[in-house]
Structure formats: C-alpha cells, structure tokens
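Architecture and fold: a report
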Amino acid sequence: EAHGADDPNYSGTAEFKKQHPDYVVDPEAVREKRADWMCYCLDYSHPEVRAYLLSTIRELIERYEIDGLQLDWMRFPRHLSGTPREVWARRAILTDFTAEVRELIQSTGKKMLLSARVPTNLAGCQRVGLDIREWARGGLVDFLVASSFLTTDFWMPIEELRAELGDHPLPIYADIEHGHGSQAHCPESLRAAALSLYDCGADGIYLFNFPCWNEYLAARPYHWLAGLEDPQACARKPLLFSVSHSAHRVPGVDLAGQLPARVPAGAALGLTLHVPQAALPAWRVLFLVESGGDIALVVN
C-alpha cells in the first residue's frame, strides 16, 4: 500500500512502515525528498518485511473463513530495490515468499486458492521480479490475473504469458479496471473489453477496483456485469472499443499507450485498435476522436 505515502499523517500508512522508514525500496530518494509513491513500497529483500506480511496473511487465514487469497503484485508494482537487472537477479525472493504463503495455507488444512495479480506482459513481470514460470513449475499459485496498474487494456499478450508457463499451464484471467485512459467505463466499453480479452486468450474476466466505482457513479453498477462471462453475449449488444492511452501506466511494467500523441501539420499517425472477429461485421460504426485541430481519419 502506497497511497498517501509522502504524507506522514496519512491514516492508511501502516505503523510498521512508519517505524521502519529504511525498509522501503528507495529510502535515499525519500530522504532527499525526490520520491514518488512507488519509492515508498516495502522492500521484500528485508526478512523483517516478509515476516510482517506473512503475519498479516496468517491472521487473515486463521480468523476468517475465506475461499482464497491474492498476492497483488500490481498495487503498487515495486517490491525489490535496485535496477531492473538487479531486481530480476533477486526474483527468488518473491518466489520464496509465494512458496511460504502456499505452505502457510496448506498447514491450516483449509481448501483455499492462491492467485497472483501480475503485469499483462512478460517484460513487465521480469521488471517487477515475478518469475511466473517458476511459480507454475512449483505449483505455487492456482491462477494468474494479468493486469495493468490503473487502466484497462483492450488487448493483452496473454499467449505470451501462457507460453512462459511451459508444461505447467495455469488459468489466466484478464483484468478490467474502472476506466480506460481518462474515460470511465460504461456498459458498452465493459462488453468490448471483455470480448476483446477473451479473444486474446483469457480464461475469464476479473474486475479490480470495482468497489471504487461509487466515486464516479451514484452506486456500484452490478447490473452492468451481466453477460461479461459469455463472449457471445458481449457481442450481441453495442460495443465501445478504445485506443490505448498512456494515462495511469507504469513505464517498463505496463504496455505502452498510444495516446495522447502530437501530430505535426500534414503528418500521419498510425494507431492500432484491436477489434475481435466476434464483433464483426458491424452494421454501423461511430468513431469518436478528440483533437486540438482538424484531422482526416482513414480506417484500414
């Protein structure tokens, strides 16, 4: 948790983090007051951090009747200090932690699933230090959730992740966030995202931050979810697809966004919009383009 991390009085910051300011991934940046929120993430390289988080998980398992746990490596996606190369070299730290959580669950005798929320692409997993191949080989998790940091990807290289799992396949769910770029979702965009992600190879759809939708709407729109579990149902109603936006993405972890883009006068810009075959043929199409000047749109 890194919300409000640069505010010493923020109520959401754990006492453990306040008492151990050097246990974050970039304490030097914090001391020099040049840190963003990511710098305040706890560094799993410290045995004390791992012990603290395992104690929290143990309490959840022992006190509550729950169906499973998710290790959310995407909120916020920085868990080891150092350069990307150094992080990947120490990936065994996060693998061993995952194994400890699995062993903790098994020691209770309870039937509980363990999942992990990871980047949408293999390069992003490596950037964070997440060795999904080793997790699958060791039977450490029951399924994966491919997710961006805080935006919806209408296209994900899920087959790339699946290939990395090798001979030990796992179900892979695809995440739909509460918005896409600067735009909040509507029923049409939810259907389009779900249909497109199924087309990318997702085994199911996952919605992150759904409780937070009441920040944008009067109430959580549970009725919007009907039919998202069925690609055919998604394709029978109007769909709103979106070109990927760079807003709310973590460089090097998330896929790159295509917009916004500056186009010089007289120049051309090529954009890719993934439209699954199940959405075609379309009897009517409306393109919505937001531009600071006149443009001509050509569709291939």
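Please refer to the structure placed before this passage.
Quantities reported herein were computed from a predicted structural model and do not represent experimental measurements.

A word on the packing of helix 3 (residues 47-63) against helix 5 (residues 92-108)
Where helix 3 meets helix 5, the closest approach of the two axes is 11 Å, and the angle between their N-to-C directions is 25 degrees. Relative to helix 5, helix 3 is oriented roughly parallel. Where helix 3 crosses over helix 5, the two elements pack in a sense that is right-handed. Together, Arg50, Leu53, Leu54, Ile57, Arg58 and Ile61 of helix 3 and Ile93, Phe97, Glu100, Val101, Leu104, Ile105 and Thr108 of helix 5 make up the contact between the two elements.

What about the environment of Ser148?
One can find Ser148 in the loop between strand 3 (143-146) and helix 8 (158-164). Not counting chain neighbours up to four residues away, the residues in contact with Ser148 comprise Met74, Arg117, Thr120, Asp153, Asp175 and Asp254.

Here we look at the packing of aromatic side chains
Inspection of the entire model under this criterion finds 9 aromatic pairs. Aromatic side chains Phe16 and Tyr23 sit 6.0 Å apart centroid to centroid with 40 degrees between the ring planes, which places their arrangement in the tilted category. An identical accessibility class is assigned to Phe16 and Tyr23; each is buried. Linked through ring pairs, Phe16, Tyr23 and Tyr52 together constitute an aromatic cluster. Lying over the aromatic face of Phe76, Arg75 brings its terminal NZ or CZ to 4.8 Å of the ring centre.

Brief notes about helix 5
Owing to its 3.6 residues per turn, the α-helix aligns residues three or four sequence positions apart on the same side. Here helix 5 contains 17 residues, and its C-alpha end-to-end distance of 25 Å stays within 8% of the 24 Å for a straight helix at 1.5 Å per residue. Listed in full, the buried residues belonging to helix 5 are Ile93, Leu94, Thr95, Phe97, Thr98, Ala99, Val101, Arg102, Leu104 and Ile105. Summarising the contacts, the buried residues of helix 5 are in contact with helix 3, strand 1 (68-72), strand 2 (113-118), helix 6 (122-128) and helix 7 (132-138). Gly109 sits one or two positions beyond helix 5 and adopts a positive phi of about 80 degrees.

As for the sheet that holds strand 7 (residues 204-207)
Read across the open sheet, the 5 strands follow the order 1-2-3-4-7; overall the sheet is parallel. Taken across any chain shown, the strands that pair with only one partner, and hence form the sheet edges, are strand 1 and strand 7. Across this sheet, the average inter-strand angle for adjacent strands is 30 degrees, counted without regard to direction. Sheet topology places strand 4 (residues 172-176) next to strand 7; 4 bridges connect them, and they run parallel. If you follow Asp175 over to strand 7, its bridge partner there is Tyr206. Across the sheet, helix 9 (residues 187-199) touches strand 4 and strand 7, and the angle it forms with strand 4 is around 155 degrees.

Things to note about the environment of Pro27
Mapped onto the secondary structure, Pro27 falls in helix 2 (residues 27-31). Between the C-alpha atom of Pro27 and that of Phe76, which follows or precedes it by 49 residues, the distance is 16 Å. Setting aside chain neighbours within four positions, we find Pro27 in contact with Pro21 and Asp22.

Examining the environment of Val30
With respect to the helices and strands, the residue Val30 is situated in helix 2. A sequence separation of 24 residues divides Val30 from Asp6, and the C-alpha atoms of the two residues are 8.3 Å apart.

Quick look at helix 3
Its 17 residues place the ends of helix 3 24 Å apart at the C-alpha level, agreeing with the 24 Å of an ideal helix rising 1.5 Å per residue. For helix 3, the elements touching its buried residues are helix 1 (15-19), strand 1 and helix 5.

Remarks on a nonpolar patch on the surface
Side chains of Leu273, Val275, Leu280, Val285, Phe287, Val289, Ile295, Leu297 and Val299 sit close together on the surface and give an oily, nonpolar patch of about 780 Å² of accessible area. Judged by its relative accessible area of 33%, Val275 falls in the partly exposed class.

So, the pairing of strand 2
The side chains of a regular strand alternate between both faces of the sheet. A large share of strand 2 lies buried, amounting to 5 of its 6 residues. Alignment of strand 2 against strand 3, held across 4 bridges, turns out to be parallel. Counted as the bridge partner of Arg117 is Val145 from strand 3.

A closer look at the side chain of Asp175
Within the fold, Asp175 resides in strand 4. Looking at Asp175, its side chain comes within polar contact range of the side chain of Ser147, at 2.6 Å. With sequence-adjacent residues up to four places away left out, Asp175 is seen in contact with Arg117, Val145, Ala146, Ser147, Ser148, Met156, Leu197, Tyr206, Leu207 and Phe208.

Quick notes on the rules
The numbers attached to residues start from 1 for each chain and follow its sequence in the written order. In keeping with the model being predicted, local features are shown solely for residues with a pLDDT of at least 70 and side-chain atom pairs are shown and tallied solely at 80 or more, while totals for entire chains, interfaces and linings include all residues. Hydrogen atoms and water are omitted, and side-chain values are computed over all heavy atoms in the structure. To get an axis, fit a line to the C-alpha atoms, keeping to the stretch in contact for a helix; angles then go from 0 to 180 degrees between the N-to-C directions. Runs of H or I in DSSP of at least four residues are treated as helices and runs of E of at least two as strands, each being numbered from the N terminus. Convention used here: angles under 35 degrees read as roughly parallel, angles over 145 as roughly antiparallel, angles from 65 to 115 as roughly perpendicular, and any remaining angle as oblique. Crossing handedness is defined as follows: a turn of the near helix away from the far one that is anticlockwise and smaller than a right angle gives a left-handed crossing, while the clockwise case is right-handed. Two residues qualify as a contact provided that any one of their heavy atoms is within 4.5 Å of a heavy atom in the partner residue. Two aromatic rings, drawn from Phe, Tyr or Trp (for Trp, its six-membered ring), form a pair once their centres lie within 6.5 Å of each other, and the interplanar angle then sorts them: stacked below 30 degrees, edge-to-face above 60, tilted otherwise. Each residue gets one of three labels from its accessible area relative to the maximum for its type: buried under 20%, exposed over 50%, partly exposed in between, using a 1.4 Å probe on protein chains only. For a ring to carry a charge above it, either NZ of a lysine or CZ of an arginine must fall within 6 Å of the ring centroid while also lying within 35 degrees of the normal to the ring plane. Expected span of a helix: the number of residues minus one, times 1.5 Å. If DSSP finds at least two bridges between two strands, the strands pair. Here, patches come from residues exposed beyond 30% relative accessible area and free of salt bridges, joined within 9 Å for like charges and within 5 Å for nonpolar side chains (Val, Leu, Ile, Met, Phe, Trp, Tyr). Using the Shrake-Rupley algorithm and a 1.4 Å probe, accessible areas are obtained, with residue cover drawn only from the displayed protein chains. The salt bridge criterion pairs a side-chain nitrogen of Lys or Arg with a carboxyl oxygen of Asp or Glu, the two atoms within 4 Å. Pairing of N or O atoms within 3.5 Å defines a polar contact, subject to two protein rules: one partner must be a possible hydrogen donor and the other a possible acceptor, and residues neighboring in sequence count only if both atoms are side-chain atoms.

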